[in-house]
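Coordinates in review
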Amino acid sequence: MQGSIARVCMIVAAAILNHPLLFPKENTTSLDEEDYVLARMKEHEERLRAEQERFEQEISKADQESTNPSLDFYGWYFWSTLSLVIFFTIEVCRQELNSGETHDHGEDEEGYINSGSVNPKDLALDKDVLSHLCETSFKPFVHESGRVQEFVEGFADDLLEALRSICDREFDMELEDFIGVGSMFESWRVCKPVMCDLIVPFATPESYNFQFELWCDISTEFPLDLQGCGRIKLFKVSESCSHCLSGKNTDDEDMLCLLHNRSHSSKADDHDLEELLCSRNTAYMSKDQVMKWFQISVTRAWGRISHKYEFELTFRNLDFPGALKVRFKSGKVIVLNIIPAIQLEDSHAYFISHFPSDSSNITDIHWQLSFTVYERNLLKHMAKKLPVKSCHLRCLQLVSFLHQKQSGLRGRSGLTNYHLKTAFLHLLLSKSLSAWKPQNLDQRLRDLFVFIQKSLQEKRLTHIIIGNPRVPLEIGVPAIFQAAEPVNLFRSLVLQRQVYAKMVENFEEMLRLAPMLIQEYTPHFSNGGLNSTNVS
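Now for a look at the structure at hand. (Residues numbered from 1 in each chain as written. Predicted model: local features only at pLDDT ≥ 70, side-chain atom pairs only at ≥ 80, totals over all residues. Heavy atoms only, no water.)

**Quick word on the overall build of the protein**
- A tally of helices and strands in the protein yields 14 helices and 10 strands.
- By sequence separation, contacts in the protein at least 24 residues apart represent 71% of the contacts at least 6 residues apart. (Helix = DSSP H or I, 4+ residues; strand = E, 2+ residues; numbered from the N terminus. Contact = heavy atoms within 4.5 Å.)

What follows is the structure in structure tokens.
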């Protein structure tokens, strides 16, 4: 028995002393050295297995000759178990070593290939070529945008007026004037077909009102994955008539509330908005119910005015009520995103039923807040202070253009134009005004690439308005949003690893292809020279 114990100890000692993890080499091994280490480990494993088999045979023979079989059985059980544990530990360590070596030279746990990343600072970008591309490819969009906006505004006014005419102005939701947002109305559109985003706020009739619950309000509790969202409670004003007399009590039961009379209340009961627009068995506004109501209303409104127009109007996406497509007889297409929204009190923040590029799974009663009006105002505010013919919009156009081409090559990813615009606005606020001179276009484009790449690596891109002290006070952001914690637009990537991996892969490929795409889409003479169009 003592001889057996001694042999086990020798095996264990040999395994530990010869295992490469005990005396690791420096982390500068070449591939040949790694192969040598793995070969040695395999040899040790084979030698240890042979020793174990010989040891088991000797123990089995000793058991047959032993006079105390019970004691030897337990002794063998103990030492066999110990041996197996040690071999298991060695195998686990070997697997960890292999995975560690792979990690040093390959992908990390999120699929991001460090060795394959492109340093945007090294991109070969010619400022004259960039300016020429903007002048020849993007500037025509600016001239076209004026005519498109004129048509869209006239058509939207006509459609909404028809929609108002089919609603009961006293007891139905009241539609307000639309607000144009996005690239078309911010003068940085670069894509076809023409796309226009219109926010259409609607308000309650006199017998109802809204009550808002925000994620950043200390009196409410919202999960972390619902940052930037809120709930909207719909309630009848008649239920609050006790407050109509400024809190004074009255014993006159026959006194009539002049603002909320009983005839209004009884008619409103016959036209119950809670059942129409709220989530079942709750007083919270339902996005799905609102979208159904809006889609039906738009369809009825178009039926009233369709005879006045000679184009075809269809729903581009039935999941989004205002995703419309206008197709003219000439084949020209204009995409309209008419988005129903609810204004947050007297601010320029709007609860949006959906975003055109939204792929999130937010619950039906949680509405995302849109700050696009503040973003548009911020862009206008900064443009007034920038140098003459500044390159800021061209910088945003170029990155949007390259992203569009990349999406055409590899398909869409989780990275959207809104992310690009947010990164651009962060860069616009962080750089000095003189940094945006027209001759600095190539440098600012590289800076924007660096910012986006770093944001993807860190999985962090904060909202440009919420909790951002750099936003000028002149923009008029409400204090509750100024004081709120910054909202990370990439937070969902923590749980969506495949989406994140595709975003990084597409962006890195976009960087690699950027110089080639810019050269390919820049008009040239037949002799290879640039077109003679003026370059600013």
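**Some points on the packing of helix α4 (residues 127-165) against helix α10 (residues 392-410)**
- It is at 11 Å that the axes of α4 and α10 come closest, and there the two elements cross at 80°. Overall, the two elements α4 and α10 adopt an arrangement that is roughly perpendicular. Contacts from L130, S131, L133, C134, E135 and F138 of α4 reach α10 at R394, Q397, L398 and F401.
- Among the residues making up the contact of α4 with α10, the classes are represented as 6 nonpolar, 2 polar and 2 charged. (Axes fitted to C-alpha atoms, helices over the stretch in contact; angles between N-to-C directions. Parallel < 35°, antiparallel > 145°, perpendicular 65-115°, else oblique. Nonpolar A, V, L, I, M, F, W, Y, C, P; charged D, E, K, R; others polar.)

**With respect to the pattern of salt bridges**
- Under the counting rule described, the total for this entry stands at 13 salt bridges.
- Its salt-bridge partner being R446, residue D442 comes within 3.4 Å of it at the nearest N-O pair. Highlighted residues: D442 and R446, both in helix α12 (residues 441-458), separated by 4 residues, approximately one helical turn.
- Accessibility expressed as a relative area gives 11% for R446, which makes it buried.
- Overlapping salt bridges, with partners in common, bring together E144, R189 and K332 in one network. (Salt bridge = Lys/Arg side-chain N within 4 Å of Asp/Glu carboxyl O. Buried < 20%, exposed > 50% of the residue type's maximum accessible area, 1.4 Å probe, protein only.)

**With respect to the packing of aromatic side chains**
- Counting across every chain of the model gives 21 aromatic pairs.
- Seen from their ring centres, F424 and W436 are 6.1 Å apart, and the 80° between their planes marks the pair as edge-to-face. Of this pair, F424 sits in helix α11 (residues 417-430) while W436 sits in the loop between α11 and α12, and the two are 12 residues apart along the sequence. For the pair formed by F424 and W436, the shared burial category is buried.
- A cation over an aromatic ring shows up here: R231 above the ring of Y284, its NZ or CZ 5.3 Å from the ring centre.
- One Lys or Arg, K459, reaches over the ring of Y500 and ends 4.7 Å from the middle of that ring. (Phe/Tyr/Trp six-rings, centres within 6.5 Å; stacked < 30°, edge-to-face > 60°. Lys NZ or Arg CZ within 6 Å of the ring centre and 35° of its normal.)

**Some points on the side chain of S353**
- Inspection of the secondary structure assignment puts S353 in the loop between β9 (350-352) and β10 (367-370).
- A polar atom in the side chain of S353 sits 3.5 Å from the backbone oxygen of P340.
- Those residues in contact with S353, other than ones at most four positions away along the chain, are K287, M291, I339, P340 and W367. (Polar contact = N/O pair within 3.5 Å; in protein donor to acceptor, adjacent residues only side chain to side chain.)

**As for the environment of Q211**
- Within the fold, Q211 resides in strand β4 (residues 208-214).
- Here the alpha-carbon distance between Q211 and I232, two residues 21 residues apart in the chain, equals 5.8 Å.
- In contact with Q211, other than residues within four places in its own chain, are R231, I232, K233 and F235.

**Examining the nonpolar core**
- Formed by 116 residues in total, the largest nonpolar core has its most connected members in W215, M285 and F481.
- In terms of residue count, the dominant contributor to this core is α4 (13 residues).
- When neighbours within four sequence positions are excluded, F481 is seen to be in contact with L214, W215, C216, L344, A349, L369, F371, I465, I466 and G467.
- Grouped together as the second largest cluster of nonpolar side chains are 8 residues, I179, I199, I339 and Y350 included. (Core = buried A, V, L, I, M, F, W, Y, C linked by side-chain atoms within 4.5 Å.)

**Quick word on α12**
- In a regular helix each residue adds 1.5 Å, so 18 residues correspond to 26 Å; α12 covers 26 Å between its end C-alpha atoms and thus fits that length.
- Those residues of α12 not exposed but buried are L441, D442, R444, L445, R446, D447, L448, F449, I452, Q453, S455 and L456.
- In this fold, the buried residues of α12 make contact with α4, α10, α11 and α14 (497-521).
- Residue K459 follows α12 closely and has a positive phi angle near 55°. (Expected span 1.5 Å × (residues − 1).)

**Focus: the environment of L276**
- You can see L276 is positioned in helix α7 (residues 273-277).
- Residue class for L276 comes out partly exposed when judged on its relative accessible area of 35%.
- Separated by 10 residues in the primary sequence, L276 and S286 place their C-alpha atoms 9.2 Å from one another.
- When sequence neighbours within four positions are dropped, the list of residues in contact with L276 reads Q289 and W293.

**Some details on the pairing of β4**
- Buried residues dominate β4, accounting for 5 of its 7 residues.
- Alignment of β4 against strand β5 (residues 229-236), held across 7 bridges, turns out to be antiparallel. Across the sheet, L214 pairs through a bridge with G230, a residue of β5. (Pairing = 2+ DSSP bridges.)

**Some points on α14**
- Between its terminal C-alpha atoms α14 stretches 33 Å, which fits the 36 Å expected from 25 residues at 1.5 Å a residue.
- In the structure, α14 departs most strongly from a straight axis at L513, where the bend amounts to approximately 55° and where the proline P515 lies between one and four residues downstream.
- Taken together, the buried positions of α14 are occupied by Y500, M503, V504, N506, F507, E508, E509, M510, L511, A514, L517 and I518.
- For α14, the secondary structure elements touched by its buried residues are α4, α10 and α12. (Bend = angle between axes of the 7 residues up to and from the residue.)

**Some details on unusual backbone geometry**
- Here the phi dihedral of N281 falls at roughly 65°; this positive angle occurs in a residue that is not glycine.
- Relative to the helices and strands, N281 is located in the loop between α7 and α8 (287-305).
- Residues other than glycine seldom take positive phi values, yet K389 does so here, at roughly 55°.
- By the secondary structure assignment, K389 is in the loop between α9 (372-385) and α10.

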